[in-house]
Amino acid sequence: MKKILIIADGILAKQFLEKVMETEAGENSYTIITYKEETLPKRRPENFKFFEFDPTSYEKLAVVLNEQFFQIMILLSNEIDVTATYKNIRRIDNKVRIVLMDRWGLQLEDKRLFMVNSREILASRFTDHLPNMPIMAQNIGLGIGEIMEVSIPVGSSYAYRHLASIEQSKWKIAAVYRANALLLPRPTLMLLPNDLILLVGDPKVLQSVFRSIKRELGQFPSPFGSSIYCLVDMLEMNDKEMESLLNDALLLHSKLNSNKLHIKVIHPTYCKSLDKIKSYHSTHINVMIDYYETNPRKVLRADTETMDIGLIVTMNRFFQHNRKALYKTKLPVFKMGKRGFSSLNQGVVLSNDAHEIEQESSVIFDVATQLALEIKLYTYNPDHPEAKNSLIEHFENLSKIFGREVDMIQSEKNPLFKLKNRDNILQFLPFSHKILESNMLSIFSTDMDKLHFKLADNYQLFIPVNTN
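I will try to describe carefully the structure that is included in this document. Predicted model, so just to flag it, every value in this text is computed and none were measured.

**As for the overall build of the protein chain**
And step 1. When helices and strands are counted, the protein chain shows 14 helices and 21 strands.
And step 2. Across the 468 residues in the protein chain, those meeting the buried criterion constitute 51%.
And step 3. For the protein chain, the proportion of contacts with a sequence separation of at least 24, taken over those separated by at least 6, is 70%.
And step 4. Approximately 23,900 Å² of the protein chain is accessible, and the part contributed by carbon and sulfur atoms is 51%.

See the structure below:
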């Protein structure tokens, strides 16, 4: 039997004591200290002892603390009394665990002290009743947001996805509730709109997951970042290439939900092109001239680490020479084609890997919607023909909820050869480690991700794959 000391005063303390006495099963022994008898409930169970005195009195408190208590709880309505009582307890016993109700934002450094902020709890309970808000578990676990219940809205990027396709690093889907029934998680289980899912994990990670679940179309480049970035190297690029890069970046900035376009210039040369680039500087376009750093990889790393970038726009030559550096940014990369952005009217998905494509499908639909592109899904996997069925099912479901037609083409021959000479397509690819492999070593592969260079003259969007 554990001995618990409760030091209580006020209306909230009385309600707390009533609740304890109603639910207590006689397994603990309680000692109650209060200022006045009015705080105590009428019902007095046998395993409760009661004292009526001022707990800020060190001498009186020391008499009670002659007993060895497992835990002490302080619920007092006066800040000075709370602080004085806490200090008295620590003078007598510096090891006992203390749970303290904090209404004032007290600053007490004590590893054996757990403070319950009543204002935060009340605000949290009110917030729970707002629509489209995460519900945090309050009475189990640590109560700090490590357990969360979230509903899957229609149009969510998580709807119609198999659990196996959802990377869960530092968090887990612990349970799925559907039509008042509990479904235990399994890799093949598909999440549906209006499902309730129970999440467990790092509170900060769960907040990010919640935003991702609730995210609707029209938000890209979010959740990767809020802005678009392009790097202009005036030593490596001629006037025509710079103009093409900037035109495409400006068009993307105007069509996508981008807060700002960042243009970084290295190796600046005083000429008309530089003057033109400088003229773009405005509220929503940030032109930065770097006169000192000459290594584009260092510039790229520094900028992506310090700015809220969600999409990098680059030319094919820069992409091929700096694939590893771009991959390390873990950001989407929009690689330019040769035939002009304005000609694009189709988004093409060619990957063999159904798992990776299912991960990035919400981004594909988002970008295709914002750029007004038709979506064509080519299924070609001679090594694993059965893998296409789940991918087709996934895209069919997304097609229904987003109201977007998806042309699904089952190809017996590698569609790369058919699409190589098309000038109106944007290819969506997972930005996985396979993109980093040598083009010469990949030339005989049947994996369409490894053969990305076959469509190097076309526009391509490389979308990071979560590999944690």
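**Some thoughts on the environment of S157**
And step 1. Mapped onto the secondary structure, S157 falls in the loop between β8 (147–151) and β9 (171–178).
And step 2. Remark: the alpha-carbon pair of S157 and S212, spanning 55 residues in sequence, is separated by 7.3 Å.

**Focus: the side chain of T39**
And step 1. Within the element layout of this structure, T39 appears in the loop between β2 (28–34) and β3 (48–52).
And step 2. Classification of T39 by relative accessible area gives buried; the value is 4%.
And step 3. Engagement of the side chain of T39 in a polar contact is seen with the side chain of T34, the distance being 3.4 Å.
And step 4. Not counting chain neighbours up to four residues away, the residues in contact with T39 comprise A8, D9, G10, A13, K14, L17 and T34.

**Things to note about helix α6 (residues 239–255)**
And step 1. Its 17 residues give α6 an end-to-end C-alpha distance of 24 Å, which sits within 8% of 24 Å, the value for a rise of 1.5 Å per residue.
And step 2. Taken together, the buried positions of α6 are occupied by E241, M242, L245, L246, D248, A249, L252 and H253. Buried positions in α6, seen along its axis, are confined to an arc of 160° and lie on one side of it. Set apart from the buried face of α6 by more than 90 degrees, the exposed residues are K240 and S254.
And step 3. Its side-chain oxygen 3.1 Å from the backbone nitrogen of K240, N238 forms the N-cap of α6.

**Section: a nonpolar patch on the surface**
And step 1. A surface patch of nonpolar side chains, about 310 Å² in accessible area, is lined by Y177, L182 and L184.
And step 2. By the element assignment, Y177 lies in strand β9.
And step 3. By relative accessible area, Y177 is classed as partly exposed at 33%.

**Quick notes on the pattern of salt bridges**
And step 1. According to the stated counting rule, one finds nine salt bridges in the structure shown.
And step 2. K36 is the partner of D9 in a salt bridge, and the nearest nitrogen-oxygen pair spans 3.2 Å. Taken together, the residues D9 in the loop between β1 (2–8) and α1 (11–23) and K36 in the loop between β2 and β3 connect sequence positions 27 residues apart.
And step 3. Assessed through its relative accessible area of 10%, D9 is described here as buried.
And step 4. The salt bridge partner of K264 is D303, with a shortest N-O separation of 2.9 Å.

**Side note on the sheet that holds β1**
And step 1. Pairing in this open sheet of six strands is parallel, and the strands run β3-β2-β1-β4-β5-β6 from one edge to the other. The open sheet has two edge strands, β3 and β6 (113–117), and neither has a second partner. Averaged over neighbouring strand pairs, the angle between their axes works out to 15° when direction is ignored.
And step 2. Across four bridges, strand β4 (residues 71–75) lies against strand β5 (residues 97–102) in parallel orientation. Each residue of the ladder has a partner; that of Q71, found in β5, is R97.
And step 3. In this fold helix α3 (residues 79–92) packs onto β1, β4, β5 and β6, with an angle of close to 175° to the strand it touches most, β5.
And step 4. Strands β5 and β6 of the sheet are contacted by helix α4 (residues 118–127), whose axis makes an angle of about 45° with β6.

Parameters at a glance
- Residues numbered from 1 in each chain as written.
- Predicted model: local features only at pLDDT ≥ 70, side-chain atom pairs only at ≥ 80, totals over all residues.
- Heavy atoms only, no water.
- Helix = DSSP H or I, 4+ residues; strand = E, 2+ residues; numbered from the N terminus.
- Buried < 20%, exposed > 50% of the residue type's maximum accessible area, 1.4 Å probe, protein only.
- Contact = heavy atoms within 4.5 Å.
- Areas by Shrake-Rupley, 256 points an atom, 1.4 Å probe, with all protein chains shown as cover.
- Polar contact = N/O pair within 3.5 Å; in protein donor to acceptor, adjacent residues only side chain to side chain.
- Expected span 1.5 Å × (residues − 1).
- Arc of directions from axis to C-beta.
- Patch = residues over 30% accessible without salt bridge, like charges linked within 9 Å, V, L, I, M, F, W, Y side chains within 5 Å.
- Salt bridge = Lys/Arg side-chain N within 4 Å of Asp/Glu carboxyl O.
- Pairing = 2+ DSSP bridges.
- Axes fitted to C-alpha atoms, helices over the stretch in contact; angles between N-to-C directions.

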